[in-house]
Every structure is written in C-alpha cells, then in structure tokens.
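Coordinate inspection notes
The chain contents come next:
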Amino acid sequence: QVQLVESGGGSVQPGGSLRLSCAASGSIFSIFAMVWYRQAPGKQRELVATTTSGGSTNYAESMKGRFTISRDNAKNTVYLQMNSLSPEDTAVYYCNADITTAFGRRRDYWGQGTQVTVSS
C-alpha cells in the first residue's frame, strides 16, 4: 500500500509565499519522478513542476522564477516553494509520483490535493 499525502496549502495574500509538501509512504522500493500539478476551478489540470530521482527539475513557463521544486529522497518527500503568489495561482495542488513498490510494481500514484487560495 502506497500513499501520497500533501500538506501546506492555505490562504495567502497576493505577493505572499507558501510551501507545499508531499510525503510518500508505504511499501516503496524506489521513486523516479515526483510531480506537482494544479487544477483551478473550471480549468484542466496542469503541470506545475517535476523533479527526478537524479535531481533534474522542470517547470511550467509561468512558474519559472517563482516556484521551486525540491526533494528529500531519504524522506520520500517532495516540496514546492511558491513565491510571489497571485490570484491566478489559486487552485488545488496535487502531488504525483512514479513509484516502484517493494513488490516490483511500477505505477503513478496521486495525492488527495491541497487547496491554495490567493486573495486580498
């Protein structure tokens, strides 16, 4: 059984910052990519940032320079530091991970999502 649990969401004023966390737990052998997505009301889910087990990162264009993805492999945890937030960043943020279990099965897992609201 593998679980992803996000935390750190909340309400913040424009220009503020939040740090999201996503911890993977369970019968995990290895994790390749860990990814943050978001879905705003009435919009499709979009990719925010990706990090691999090797440390490479990739960002959606609108997040570059404002968001930073990082990862603690020892804790099976990925973080998303979000700065200079604007109302357009309001969304449910989801964590996704490419996990191989201790039983040798590899698949994507999703967290339950954490709400981020940016408003004055």
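Structure's up top.
Notes on the structure in this doc start here. (Residues numbered from 1 in each chain as written. Predicted model: local features only at pLDDT ≥ 70, side-chain atom pairs only at ≥ 80, totals over all residues. Heavy atoms only, no water.)

Section: the nonpolar core
As a reminder of what qualifies: For this analysis, a nonpolar core means a set of buried residues of the types Ala, Val, Leu, Ile, Met, Phe, Trp, Tyr and Cys, connected via side-chain atoms within 4.5 Å. Buried residues are those whose accessible area, probed at 1.4 Å on protein chains only, stays under 20% of the maximum for their type, while exposed residues exceed 50% and partly exposed ones sit between those limits. Put simply, DSSP H or I for four residues or longer makes a helix, DSSP E for two residues or longer makes a strand, and each gets a number counted from the N terminus.
Residues Trp36, Leu80, Met82, Tyr93 and Ile99 are the most contacted members of the largest nonpolar core, which totals 31 residues. At the level of secondary structure, the elements contributing two or more residues to this core comprise β1 (2–7), β3 (18–26), β4 (28–39), β5 (46–51), β7 (67–72), β8 (77–82), β9 (91–101) and β11 (114–118). The biggest single contributor to this core is β9, with 5 residues.

Some thoughts on the packing of aromatic side chains
Where we set the bar: Side-chain rings of Phe, Tyr and Trp, where Trp is taken by its six-membered ring, are said to pair if the distance between their centres is within 6.5 Å; with planes under 30 degrees apart they count as stacked, over 60 as edge-to-face, and otherwise as tilted. Two limits define a charge over a ring: the Lys NZ or Arg CZ must be within 6 Å of the ring centre, and within 35 degrees of the ring normal.
Applying the stated rule across the entire model yields 1 aromatic pair. When the ring of Tyr37 is compared with that of Trp110, the centres are 5.1 Å apart and the planes differ by 45°; the resulting orientation is tilted. Taken as a pair, Tyr37 in strand β4 and Trp110 in strand β10 (residues 106–110) lie far apart in primary sequence, 73 residues in all. With a relative accessible area of 39%, Trp110 lands in the partly exposed category. Cation over ring: Arg45 sits above Tyr94, and NZ or CZ is 3.9 Å from the ring centre. A cation over a ring is seen here: Arg107 above Tyr109, with NZ or CZ 4.0 Å from the ring centre.

Re the pattern of salt bridges
To be explicit about the condition: We define a salt bridge as a side-chain nitrogen of Lys or Arg found within 4 Å of a carboxyl oxygen belonging to Asp or Glu.
Following the criterion strictly, the structure yields 5 salt bridges and no others. Close ionic contact of Glu61 with Lys64 constitutes a salt bridge, the shortest N to O distance being 3.2 Å. The partly exposed category is assigned to Lys64, whose relative accessible area is 45%.

A look at the state of the cysteines
Applied cut-off: Here, a disulfide means two cysteine sulfur atoms that sit within 2.5 Å of each other.
Enumeration over the complete set of coordinates arrives at 1 disulfide. Across a sulfur-sulfur distance of 2.1 Å, Cys22 and Cys95 are joined as a disulfide pair. Residues Cys22 and Cys95 are joined by a disulfide whose S-S torsion is about -80°; by sign, that bridge is left-handed. Here Cys22, found in strand β3, pairs with Cys95, found in strand β9; they are 73 residues apart in sequence, far enough to count as distant.

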